[in-house]
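Tertiary structure, described
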Amino acid sequence: MSEKKIFTDSGIEIKPIYCTPIALNEMPGKYPFTRGVHETMYRDRLWTMRQYAGFSTAEESNKRYHYLLSQGVMGLSVAFDLPTQIGYDSDHQMAEGEVGKVGVAIDSLEDMEELFAGIKLQDVSTSMTINATAFILLAFYIALAKKQGADLKKIAGTIQNDILKEYAARGTYIYPPAPSMRLITDIFEYCSREIPKWNTISISGYHIREAGSTAVQELAFTLANGKAYLQAALAKGLDINIFAPRLSFFFNAHNDLFEEVAKFRAARRMWAEIARSLGATDPKAQMLRFHTQTGGSTLTAQQPRNNIVRVTLQALSAVMGGTQSLHTNGFDEALSLPTEEAATLALRTQQIIAYESGVTNTPDPLAGSYFVESLTNEVEIAAKKMMDKIEALGGAVKAIEQGFIQEEIARSAYEYNQSIEQNKKIIVGVNKFTAEENEKPSVLKIDDSIRNVQKQKLESLRKRRNNSVASDCLERIKQQANSTENLMPAVIEAVENLCTLGEIADVLRSVWGEYQG
C-alpha cells in the first residue's frame, strides 16, 4: 500500500483505503476486483486521458493529434471514416459522400505514416476504434512502427476488434461470424507472440448502450460477447493466462451516476468469475480493465452547452467506478465533429476531476455506501439473469443470429424514447426548461473534396508500387484464408508492399463472402 499522505483542503488525512463491514471482504487489487484492479488506484497512477479524434485527411487529423498532445492528452484515440471501417478504399463507388466525414480516411500505409507524422509510436499509447478491418489497421500500425525502428515488444495500444457487437448494435460488419471470429483469434495469437503489450480487443458495451440498451443490458451483452471470445480462443488452443490479460473492455457512461458506478463495479466482479470458471489462474487474466467514453446519445442539439454538465457527471461516474482510460465528449458533438474549443474543454474536464476534485485520493470512494453496495449487487443479479437467457440460446453468437439481443435493445430504446415523449423522463432543454436559442455554436464541417484528395493519392500509389509484388501478396492472403494459417504475417507483408485496405478486404470477400444480417 502506498505510504504517500494525502489531505483534504481542511487538513484531514485521507486514508489509503476505507472499509465498512459491507465492503471488508473485498479489497482493491484482489479477486474479484469489485473495488478496482489496482491496490492504490489513482493515488499512484491516474487513468489515461484520451480524446477521440479523426476527420478529413490523415494530414488534418495529425494536426489535431499534435495539438491534443500539447494540451496534456496521455494517449491518442483514432476515429476512422465509414469506408475505412467497412473495407472500401476512398475511390470505391460505395465510399462516395462518406470520405473523411465521421473519421479519418486511411487507405494505405502511406496514409498511416501521414496520420502519425512526428509521433513516435513507441512513446504513445494509441487506441483505434475499428472492427471489421481491425486486422488491416493493426497491420498498418505494425508496419509503420517497424519503419520507425520501434521495438515491437514496447508498442502499446488497443484495437476495438469487437465484431459481435457490430452484428447486434452498430452494423459495420463485413464477413460472416465464423471467419470474423477467426480473424480475431488470429490477432490474439499473433499479438501475444509479437507485440505482447498490445490490447488485442476492446469488448464494447459502448455501442450497445448507444443503440438504446439499459445499463444492465449493456453489461450482460458485453460480458456475454467477452465470454464468447474467450471460448473461441480456447477452442483455437490458446492459453487463457497469456491472451486474456490483453483483453480490455469499453463501456458507456450515462447520467445516472450511481447506477453507472454500480455497473462498473459489478462488471469487474462478474468478469473475474467468468475468467476463473474458464481456467484463468493468473490474476491479470481475471481482471476486467476498461476504457470509458461519455454517452454520445445523451448529448442534445438543444442548448448544447448543457452537455458540459452531462459530460462532467458521466466522467465522474467513470472515475469513481475505476476506469483505466477515459474519453470525454465535446459539448457540440450532437451537431458535428468536435471543434478544437470543445475538444479542449472536454479534456480540461478530465484534468479538473483528476487534479482538483479529490475523488482520486482513495480507491473506490463510494465503497461501503449502503446504496452503492446494494445497487452493485442488484445490477449483477439482473445482468446474470440476462446472461442466463443468452446461455440458454447457445451463447452470444447464437443469440445474435436468432435476433434476441437486437430485439432486446430495440425494445429498450423504444421504451426510453416513449418515456421522453410522454414527459415521464425529463431531458433539460428538450422536454422541459426549453428556451429560444439565438446563438448557434460554430461547427466543424468536412467537404466532399476530401474524396478527390484521397483518389489522387491512391492513383499515385498504384503507379509507384511494384504491382507484381502487390498481386503476389494478395494471392498469398487468399491462400492463407483458405487454410488454418495465421493471416496476420501475410497481411503485414501486403501493407508493407503498399496493398490498400480495400484490396485486402476484397480478397477476403472473395473467399468468405459478406454477411447479410
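Provided above is the structure to which this section pertains.
Turning our eyes to something else, we now look at the overall build of the chain. Within the chain one finds 20 helices and 11 strands. Its C-alpha atoms give the chain a radius of gyration of 23 Å, within 12% of the compact-globule value 24 Å for 517 residues. In terms of principal-axis extent, the alpha carbons of the chain reach across some 70 × 60 × 50 Å. Counting only residues that meet the buried cut, the chain has 58% of its 517 residues in that class. In the structure as shown, the chain presents an accessible area of about 20,900 Å², 50% of it carried by carbon and sulfur atoms. A distance of 4 Å separates the average location of the 55 positive side-chain charges in the chain from that of its 63 negative side-chain charges.

Here we take up the pairing of strand β9 (residues 247-253). Burial runs high along β9: seven of the seven residues are buried. In this structure, strand β8 (residues 201-204) lies alongside β9, joined through four bridges in parallel fashion. Counterpart to I201 in the pairing with β9 is L247.

Relative to the helices and strands, E26 is located in the loop between β2 (13-14) and β3 (48-53). A relative accessible area of 15% places E26 in the buried class. One polar contact links E26 to T34, side chain to side chain, over a distance of 2.8 Å. Residues in contact with E26, not counting those within four places in the same chain, are P32, T34, R35 and R269.

Right, let's get into helix α6 (residues 177-194). Within an α-helix, residues lying three or four positions from one another point in the same direction, as the helix has 3.6 residues per turn. End to end, α6 covers 26 Å across 18 residues, agreeing with the expected 26 Å (1.5 Å per residue, within 8%). α6 sits mainly inside the fold: 13 of its 18 residues count as buried.

Side chains of a nonpolar character, in soluble globular proteins, are inclined to be buried together. Of all hydrophobic cores here, the largest spans 136 residues; its most connected members are F116, M128, F135 and I504. Looking at which element gives the most residues to this core, the answer is helix α4 (residues 134-147), with 12 residues. If we ignore the near neighbours within four places in the chain, the residues touching I504 are F135, I136, L474, I477, V491, A494, V495 and C499.

Okay, the sheet that holds strand β5 (residues 125-129) next. With respect to topology, nine strands assemble into an open sheet ordered β7-β6-β5-β4-β3-β11-β10-β9-β8, the strand pairing being parallel. With partners counted over all chains shown, the strands left at the sheet margins are β7 (198-199) and β8, one partner each. Bridging between strand β10 (residues 290-294) and strand β11 (residues 325-327) involves three bridges; their strand directions are parallel. If you follow Q293 over to β11, its bridge partner there is H327. The strands touched by helix α13 (residues 340-356) are β3 and β11; relative to β3, the strand with the most contacts, the crossing angle is about 170 degrees.

Glancing now at the packing of helix α1 (residues 58-70) against α13. The geometry of α1 relative to α13 is characterised by a closest axis approach of 11 Å and an angle of 35 degrees between their N-to-C directions. Regarding α1 and α13, the two cross each other, and that crossing is right-handed. Where α1 approaches α13, its residues R64, Y67 and L68 are matched on the opposing element by E340, A343, T344 and L347. Taken together, the residues of the contact of α1 with α13 break down into four nonpolar, one polar and two charged.

With that out of the way, let us pick up α13. The end-to-end C-alpha distance of α13 is 23 Å, a good match for the 24 Å that 17 residues give at a rise of 1.5 Å each. Those residues of α13 lying buried are A342, A343, T344, A346, L347, T349, Q350, Q351, I353 and A354. Looking at the buried side of α13, the elements it contacts are β3, α1, α12 (306-320) and β11. Two residues or fewer after α13 comes G358, characterised by a positive phi angle close to 85 degrees.

All right, on to the side chain of T48 then. Of note, T48 is situated in strand β3. Non-local contacts of T48, meaning those with residues more than four positions away in its chain, are made with M74, G75, Q324, S325 and L326.

Pairs of aromatic rings are described using the distance from one ring centre to the other and the angle between the two planes. The final tally for this structure, using the stated rule, is 17 aromatic pairs. Their ring planes at 50 degrees and their centres at 5.1 Å tell us that Y141 and W198 sit as a pair that is tilted. Here W198 lies in strand β7 and Y141 lies in helix α4, a separation of 57 residues in the sequence. The residues Y141 and W198 share a single accessibility class, namely buried. The residue whose ring lies beneath R509 is Y88, and the NZ or CZ to ring-centre distance is 4.4 Å.

Attention now goes to a nonpolar patch on the surface. Taken together, I426, V428 and F433 make up a surface patch of nonpolar side chains, about 270 Å² in accessible area. Residue classification places I426 among the partly exposed positions, given a relative accessible area of 38%.

Turning to unusual backbone geometry, a few remarks are in order. Backbone phi values are negative for most residues with the exception of glycine, while trans is the configuration of most peptide bonds. Geometrically, the link from Y31 to P32 is a cis peptide bond, its omega value of 10 degrees lying close to zero. With respect to the helices, strands and loops of the structure, P32 is situated in the loop between β2 and β3. Unusually for a residue other than glycine, M41 sits at a positive phi of about 50 degrees. Mapped onto the fold, M41 is located in the loop between β2 and β3.

Below, the discussion takes up the pairing of β10. The side chains of a regular strand alternate, residue by residue, between the two faces of the sheet. Of all five residues that make up β10, five are buried, and the element is covered over most of its length. Handedness of the β10-α12-β11 crossover: right-handed.

It is worth spelling out the environment of I390 at this point. As for its placement among the helices and strands, I390 is situated in helix α14 (residues 370-392). It is 37 Å that separates the C-alpha atoms of I390 and F55, two residues lying 335 residues apart in sequence.

The next subject is the environment of E114. One can find E114 in helix α3 (residues 109-115). The class for E114 is partly exposed, based on a relative accessible area of 32%.

The rules behind each value
- Residues numbered from 1 in each chain as written.
- Predicted model: local features only at pLDDT ≥ 70, side-chain atom pairs only at ≥ 80, totals over all residues.
- Heavy atoms only, no water.
- Helix = DSSP H or I, 4+ residues; strand = E, 2+ residues; numbered from the N terminus.
- Rg over C-alpha atoms; globule rule 2.2 N^0.38 Å.
- Buried < 20%, exposed > 50% of the residue type's maximum accessible area, 1.4 Å probe, protein only.
- Areas by Shrake-Rupley, 256 points an atom, 1.4 Å probe, with all protein chains shown as cover.
- Lys, Arg positive; Asp, Glu negative; His and termini not counted.
- Charge placed at Lys NZ, Arg CZ, Asp CG, Glu CD.
- Pairing = 2+ DSSP bridges.
- Polar contact = N/O pair within 3.5 Å; in protein donor to acceptor, adjacent residues only side chain to side chain.
- Contact = heavy atoms within 4.5 Å.
- Expected span 1.5 Å × (residues − 1).
- Core = buried A, V, L, I, M, F, W, Y, C linked by side-chain atoms within 4.5 Å.
- Axes fitted to C-alpha atoms, helices over the stretch in contact; angles between N-to-C directions.
- Left-handed = near helix turned anticlockwise from the far one by under 90°.
- Nonpolar A, V, L, I, M, F, W, Y, C, P; charged D, E, K, R; others polar.
- Phe/Tyr/Trp six-rings, centres within 6.5 Å; stacked < 30°, edge-to-face > 60°.
- Lys NZ or Arg CZ within 6 Å of the ring centre and 35° of its normal.
- Patch = residues over 30% accessible without salt bridge, like charges linked within 9 Å, V, L, I, M, F, W, Y side chains within 5 Å.
- Salt bridge = Lys/Arg side-chain N within 4 Å of Asp/Glu carboxyl O.
- Right-handed = clockwise from strand over helix to strand, strands pointing away.

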